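Letter by letter, the chains look like this.
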Amino acid sequence: GLRYEFMTTPYESNNRSYALRNVWSDSATTQGAPFRNYSLRNFSPRVGFAWDPRGDGKTSIRSAFGIYYDIGNVGVTLEQALLGTSPLINTCVVSSGTVTVPLNFSSGNCSTLFINQYNAQQPHTLQYNFTVEHQLPGSVGLTVSYVGLRGIHLYTNKEGNPVQMPNAAINTSLVNGIQYWGSNVVTSGNLIPSCRMNPNFDAMQLVATAGDSFYNSLQVVLNKHLSRGLDFSSAYTWSKNLDTTTANMDGNDCSSGV
């Protein structure tokens, strides 16, 4: 089988939407769509088989694989952009000059709070299983399965403008008690940590599709169909789940999503 599922590109009705299209090089946000619409590529195949190796109807071997996309998970992502993407909102630090009322941050270093990954990928999972089922005496059936799931391009929160480790040979400067590396430490009165990947911004929280998850399990089920007034079902699962702290909004989804 083959499923195709997509969504239209979200937009703000008055075109008041911005994105930092290249987090590591752009000096300002670009007006337009908050992210590229990768859901237009959402082709998800499904394949499976069932086999009776003995031909007596007592043993069955089954397996299946499918790709499943999650397209209904951008609401928090859009909210984060409204809360922190310039010029909708800025966090400004005035490092020199006199503060007057009304406030004027033109002499300060302004940065963003939250940024969406413009080239975000489509979150999806790979789901697969392999099952052997056999009929035992006394109307009892035994099922042994391997079930796995792999999550790819899951939303997570990360530092969008990381600090590069400085070379010991590079000159350092101490400004207001903070150590800065490189020669371009102070420009027009603004404190610019030149050790950032993008020197045009300070630290920022990036909502990105950089998360992964892994689930593997052994599942055993023993069923007895009703006979002589008795039926029962017993199940056991041994599994392991690994996750790289995936969360759209870390405060709600998990307490340490950054």
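Thresholds applied
Residues numbered from 1 in each chain as written. Predicted model: local features only at pLDDT ≥ 70, side-chain atom pairs only at ≥ 80, totals over all residues. Heavy atoms only, no water. 1 Å grid on protein atoms, 1.4 Å probe; cavity = no way out; pocket = protein on both sides within 12 Å on 5 of 7 lines; lining within 4 Å. Points joined across faces, edges and corners; volume = space filled by probe spheres on them. Helix = DSSP H or I, 4+ residues; strand = E, 2+ residues; numbered from the N terminus. Pairing = 2+ DSSP bridges. Phe/Tyr/Trp six-rings, centres within 6.5 Å; stacked < 30°, edge-to-face > 60°. Buried < 20%, exposed > 50% of the residue type's maximum accessible area, 1.4 Å probe, protein only. Salt bridge = Lys/Arg side-chain N within 4 Å of Asp/Glu carboxyl O. Nonpolar A, V, L, I, M, F, W, Y, C, P; charged D, E, K, R; others polar. Polar contact = N/O pair within 3.5 Å; in protein donor to acceptor, adjacent residues only side chain to side chain. Contact = heavy atoms within 4.5 Å. pLDDT = per-residue confidence, 0-100.

Asker: Where do I start with the layout of surface pockets in this structure?
Answerer: Any space left empty among the atoms is revealed by the rolling of a water-sized probe across them. Roughly 220 Å³ of volume is contained in the largest pocket. If you go around the largest pocket, you meet 16 residues; those closest to its centre are Val23, Trp24, Gln117, Leu206 and Ala208. Counting residues per element, the ones that place at least two in the lining of the largest pocket are β10 (140–159) and β15 (205–227). Per element, the largest residue contribution to the lining of the largest pocket is 4 residues, and it comes from β15.

Asker: How should the pairing of strand β16 (residues 230–243) be read in this particular structure?
Answerer: Successive residues of a regular strand alternate their side chains across the two faces of the sheet. Bridge count for β15 against β16 is 13 bridges, and the pairing is antiparallel. When the sheet's bridge partners are listed, Ser217 is paired in β16 with Ser239. Between the antiparallel neighbours β15 and β16 lie 2 residues, among them Arg228 with a positive phi of about 55 degrees.

Asker: Sorry if this is basic, but what is going on with the packing of aromatic side chains here?
Answerer: Any aromatic ring pair is given by two values, namely how distant the centres are and how the planes are angled relative to each other. Under the criterion given, the structure shown has 3 aromatic pairs. Measuring from ring centre to ring centre gives 4.6 Å for Tyr4 and Phe43, while their planes differ by 25 degrees; the resulting arrangement is stacked. Of this pair, Tyr4 sits in strand β1 (residues 2–4) while Phe43 is found in strand β4 (residues 43–51), placing the two residues 39 residues apart along the sequence. Of the residues examined, Phe43 reaches a relative accessible area of 48% and is grouped as partly exposed.

Asker: Mind showing me how you'd approach the pattern of salt bridges here?
Answerer: This model, assessed by the stated rule, comprises 4 salt bridges. Note that Arg16 is salt-bridged to Glu12, the shortest N-O span being 3.8 Å. Residue classification places Glu12 among the partly exposed residues on the basis of a relative accessible area of 26%. Of the charged contacts, one joins Arg62 and Glu133 as a salt bridge, the two residues approaching to 3.0 Å between their closest N and O atoms. With Arg62 in strand β5 (residues 59–69) and Glu133 in strand β9 (residues 124–136), the pair connects residues that are 71 residues apart, well separated along the chain. We classify Glu133 as partly exposed; its relative accessible area is 30%.

Asker: Looking at this structure, how should I read empty space enclosed by the protein?
Answerer: Evaluated as defined, the whole model comprises 2 cavities of 30 Å³ or more. The volume enclosed by the largest cavity comes to roughly 80 Å³. Class assignment of the residues belonging to the lining of the largest cavity gives a composition of 8 nonpolar, 5 polar and 2 charged. Looking at the second largest cavity, its volume works out to about 30 Å³. Around the second largest cavity, the lining residues are Tyr18, Ala19, Leu20, Pro34, Ala81, Thr85, Ile115 and Asn116.

Asker: Could you clarify how one ought to interpret the pairing of β10 in this entry?
Answerer: Sheet topology note: the β9/β10 ladder contains 13 bridges and is antiparallel. Bridge pairing links Asn129 to Val147 in β10. Here β9 folds back onto β10 in antiparallel fashion, the turn holding 3 residues, of which Gly138 has a positive phi close to 80 degrees. Pairing of β10 with β15, which is carried by 17 bridges, proceeds in the antiparallel orientation.

Asker: Quick question: what am I supposed to make of the side chain of Ser39 here?
Answerer: One can find Ser39 in the loop between β3 (30–31) and β4. Within the structure, Ser39 has its side chain in polar contact with the side chain of Asn37 (distance 2.6 Å). Not counting residues within four places of it along the chain, the set of residues in contact with Ser39 comprises Tyr4, Glu5, Phe6, Met7, Ile71 and Gln122.

Asker: Would you explain the confidence of the model for the chain in this entry?
Answerer: Close inspection of predicted coordinates is inappropriate for parts of the model with low pLDDT. Within the chain, residue pLDDT values average 79, and 74% of them lie at 70 or more. Within the chain, β5 carries the highest mean pLDDT (97), whereas strand β13 (residues 186–187) carries the lowest (42). Every residue in residues 167–172 scores below 50 in pLDDT, and together they form 8 contacts with partners more than four places removed in sequence or on other chains. Scored below 50 in pLDDT, residues 174–193 makes 44 contacts in the model with residues more than four places away or belonging to other chains.

Asker: I tried to follow the side chain of Thr29 on my own but got confused; where do I start?
Answerer: With respect to the helices and strands, the residue Thr29 is situated in the loop between β2 (18–19) and β3. Beyond its immediate stretch of four places on either side in the chain, Thr29 contacts Tyr18, Ala19, Leu20, Thr85, Ser86 and Pro87.

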